[in-house]
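Chain by chain, the residues:
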Amino acid sequence: IEYHKESLHLITQHQDPKLVFGAHLHLANSYRLANHLTDAAVQAKAALKIAKSLNSPPLLFRAYTIIGCILNDQGDQLKAIKYHERALQCDFTDLEKDEQGKVFQNLGSAYYRLGMHSKAISPFKKALKLAQEVDDQVVLVVSFLGLGHTYLKMEKHQNAAFYFHRALSIIPIGKATT
């Protein structure tokens, strides 16, 4: 956190809004990972203000995404859903499919946490499709697990078992890794 705070201070002196945006976003993420969610929200909102002033879809996408994640962490899934949906409305031409996949995962997770299991299926499947297209193993496993847990909550045990099995087939359980 201290490193990112110092970076923000130094970058702000250069007055390049994209660099300042990035510094706010990195600091927001650091605060989020340290579970300092109020501080994370302040930094994310500062990043969003810059993204709006630049009218930059990729920056707006990233700002809406981090705010959605923070709100999800705070337990406010309804607001999180709104921010994740705003992120997905941004122009994707400059965005990587793995980034889109993560937002679909976050959206599915928010619906899941609200107990809206049938609504969680579609975002998880979209994340899965994007992960397969770019061979992102992490997003792939998390999507399989999200679908498995969702189907389990819906008492669709065959579907749940199918997705859990798919996740386990990717995870190198019991194998030595370096």
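Let me sum up the structure you'll find in this document. (Residues numbered from 1 in each chain as written. Predicted model: local features only at pLDDT ≥ 70, side-chain atom pairs only at ≥ 80, totals over all residues. Heavy atoms only, no water.)

For helix α6 (residues 97–113), spanning 17 residues, the distance from its first C-alpha to its last is 24 Å, which sits close to the expected 24 Å at 1.5 Å a residue. Listed in full, the buried residues belonging to α6 are Glu-99, Gln-100, Gly-101, Val-103, Phe-104, Gln-105, Asn-106, Leu-107, Gly-108, Ala-110 and Tyr-111. (Helix = DSSP H or I, 4+ residues; strand = E, 2+ residues; numbered from the N terminus. Expected span 1.5 Å × (residues − 1). Buried < 20%, exposed > 50% of the residue type's maximum accessible area, 1.4 Å probe, protein only.)

We now examine the pattern of salt bridges. The full count for this structure, using the stated rule, is 4 salt bridges. Across the pair Glu-99 and Arg-62 runs a salt bridge, and its minimum N-O distance is 3.0 Å. With Glu-99 in helix α6 and Arg-62 in helix α4 (residues 57–73), the pair connects residues that are 37 residues apart, well separated along the chain. The residue Glu-133 makes a salt bridge to Lys-97 at a minimum N-O spacing of 2.5 Å. Here Glu-133 is found in helix α7 (residues 117–134), whereas its partner Lys-97 is found in helix α6, with 36 residues between them in sequence. The exposure class assigned to Glu-133 is partly exposed, which follows from its relative accessible area of 39%. Residue Lys-97 is classed as partly exposed on the basis of its relative accessible area of 36%. The network of salt bridges with shared partners includes Lys-97, Lys-129 and Glu-133. (Salt bridge = Lys/Arg side-chain N within 4 Å of Asp/Glu carboxyl O.)

What follows is about helix α8 (residues 137–153). With 17 residues, α8 extends 24 Å between its outermost C-alpha atoms, agreeing within 8% with the 24 Å of an ideal straight helix rising 1.5 Å per residue. Inspection of α8 places Val-139, Leu-140, Val-141, Ser-143, Phe-144, Gly-146, Leu-147, Gly-148, Thr-150 and Tyr-151 among the buried residues, and these make up the whole buried set. Among the structural elements, α6, α7 and α9 (157–170) are those in contact with the buried residues of α8. Where α8 begins, the side chain of Asp-136 points an oxygen toward the backbone nitrogen of Val-138, at a separation of 3.2 Å. Of the residues flanking the end of α8, it is Glu-155, one or two places downstream, whose phi is positive at about 60 degrees. (Contact = heavy atoms within 4.5 Å. Polar contact = N/O pair within 3.5 Å; in protein donor to acceptor, adjacent residues only side chain to side chain.)

The next subject is a positive patch on the surface. Taken together, the side chains of Lys-45, Lys-52, Lys-79, Lys-82 and Arg-86 define a basic patch exposed on the protein surface. Tallying contributions element by element places helix α5 (residues 77–88) first for the positive patch, with 3 residues. Here Lys-52 lies in helix α3 (residues 37–54). (Patch = residues over 30% accessible without salt bridge, like charges linked within 9 Å, V, L, I, M, F, W, Y side chains within 5 Å. Areas by Shrake-Rupley, 256 points an atom, 1.4 Å probe, with all protein chains shown as cover. Lys, Arg positive; Asp, Glu negative; His and termini not counted. Charge placed at Lys NZ, Arg CZ, Asp CG, Glu CD.)

Moving on, we get to the nonpolar core. Soluble globular proteins tend to pack their nonpolar side chains together in the buried interior. Core analysis: the biggest nonpolar cluster contains 50 residues, and Phe-21, Leu-48, Tyr-64, Ile-66, Ile-67, Ile-70 and Leu-147 have the highest contact counts within it. If you list the elements that add at least two residues to this core, you get α2 (17–33), α3, α4, α5, α6, α7, α8 and α9. Top contributing element to this core by residue count: α4, with 9 residues. Every residue in contact with Leu-48, bar those within four places of it in the chain, is listed here: Leu-60, Ala-63, Tyr-64, Ile-67 and Tyr-83. (Core = buried A, V, L, I, M, F, W, Y, C linked by side-chain atoms within 4.5 Å.)

Glancing now at the packing of aromatic side chains. Under the counting rule described, the total for this entry stands at 4 aromatic pairs. An angle of 50 degrees between the planes, with centres 6.0 Å apart, marks the rings of Tyr-64 and Tyr-83 as tilted. Of this pair, Tyr-64 sits in helix α4 while Tyr-83 sits in helix α5; the two residues are 19 residues apart in sequence, bridging distant segments of the chain. Accessibility expressed as a relative area gives 12% for Tyr-64, which makes it buried. Taking 5.0 Å as the distance between ring centres and 80 degrees as the angle between the ring planes, the aromatic pair formed by Phe-162 and Tyr-163 counts as edge-to-face. Residue classification places Tyr-163 among the buried positions, given a relative accessible area of 12%. (Phe/Tyr/Trp six-rings, centres within 6.5 Å; stacked < 30°, edge-to-face > 60°.)

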